[in-house]
Amino acid sequence: MTSADNQQERLKTIGWVIGFVDGEGSFIVTIFHHPKSRMKYGWQVFPELVVTQRATNLNTLEIIQKVLGCGNICKSKEKGEYGHKEPLYRYAVRSIKDLNEKVIPFFERNRLRSASKREDFRKFAKILRMMKKGKHLKYEGLVKIAKIAQTMNRKTPSRFLKSSETIRQ
């Protein structure tokens, strides 16, 4: 194989990863309540890229992991949808460093196709940049992050914004 052939194959694989994440992946930002944690306000911002597949498609997660050069694959605690009996596997990138240095640059160079996933990614990247600047460590920054996060994916209201501690602040 020539280097041109290798380059073509790599471009095909990158395009496949983009399409797969576009259809099956999620850029998620969750805000967890940890009342006894060292977090100043008792809340932790938890961003992650997630792709879930049945056991028969485990190799797809391995390809994504190899292309992005980070993340972990584990058996999911979730049950299969639509009556599938085989276990689900979950590819997740949770490391803030890997998200900032590998995932965000990859999807900035290789644009997602669907408008909704592109918008979720844009918000995800914005939140990670805010975290890099330490905005999540201040109450006002945490509120901004929660407001952005609740507009992503299923657009569920943030528990942080609805909590009695937040309302009192």
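The rules we used
- Residues numbered from 1 in each chain as written.
- Predicted model: local features only at pLDDT ≥ 70, side-chain atom pairs only at ≥ 80, totals over all residues.
- Heavy atoms only, no water.
- Buried < 20%, exposed > 50% of the residue type's maximum accessible area, 1.4 Å probe, protein only.
- Helix = DSSP H or I, 4+ residues; strand = E, 2+ residues; numbered from the N terminus.
- Pairing = 2+ DSSP bridges.
- Polar contact = N/O pair within 3.5 Å; in protein donor to acceptor, adjacent residues only side chain to side chain.
- Lys, Arg positive; Asp, Glu negative; His and termini not counted.
- Salt bridge = Lys/Arg side-chain N within 4 Å of Asp/Glu carboxyl O.
- Contact = heavy atoms within 4.5 Å.
- pLDDT = per-residue confidence, 0-100.
- Axes fitted to C-alpha atoms, helices over the stretch in contact; angles between N-to-C directions.

Undergrad: For this particular structure, what's the right way to read the pairing of strand 4 (residues 88-93)?
TA: In regular strands, side chains alternate between the two faces of the sheet. Of all six residues making up strand 4, six are buried, and the element is well covered by its neighbours. Of the two faces of strand 4, the one holding Leu88, Arg90 and Ala92 and the one holding Tyr89, Tyr91 and Val93 are both buried throughout. Here six bridges tie strand 2 (residues 43-54) to strand 4, and the two strands are oriented antiparallel to one another. Bridged to Val50 within strand 4 is Ala92. Where strand 3 (residues 72-75) meets strand 4, four bridges bridge the pair, whose relative direction is antiparallel. Each bridged residue has a counterpart across the sheet, and for Ile73 the counterpart in strand 4 is Tyr91.

Undergrad: Can you walk me through the side chain of Arg90 in this structure?
TA: Following the sequence through the fold, Arg90 ends up in strand 4. Side-chain polar atoms of Arg90 contact the side chain of Glu48, separated by 3.1 Å.

Undergrad: Is there a simple way to think about the side chain of Lys123 in this case?
TA: As for its position among the elements, Lys123 is in helix 4 (residues 115-132). Buried within the structure, Lys123 lacks any salt-bridge partner; Glu119 is the closest side chain of opposite charge, at an N-O distance of 4.1 Å. The residues touching Lys123, leaving out its near neighbours within four places in the chain, are Ile148, Thr151 and Met152.

Undergrad: Would you mind showing me how to read the confidence of the model for the chain here?
TA: Looking at the chain as a whole, the pLDDT averages 86, with 79% of positions reaching at least 70. Averaged pLDDT values over the elements of the chain bottom out at 43 in helix 7 (residues 164-168) and peak at 98 in helix 3 (residues 96-109). A low-confidence stretch, residues 164-169 (pLDDT under 50), is modelled with 10 contacts involving residues beyond four sequence positions or located in other chains.

Undergrad: Looking at this model, I keep getting lost on the sheet that holds strand 2. Mind explaining?
TA: Strand pairing in a sheet is mediated by backbone hydrogen bonds. Such pairs are either parallel or antiparallel. The strand order 1-2-4-3 describes an open sheet built from four strands, whose pairing is antiparallel. Among the strands making up the open sheet, the edge pair consists of strand 1 (25-33) and strand 3. Strand-to-strand, the axes of this sheet are offset by a mean angle of 35°, without reference to chain direction. Running over the sheet, helix 2 (residues 58-68) touches strand 2, strand 3 and strand 4 and is turned about 10° from strand 4.

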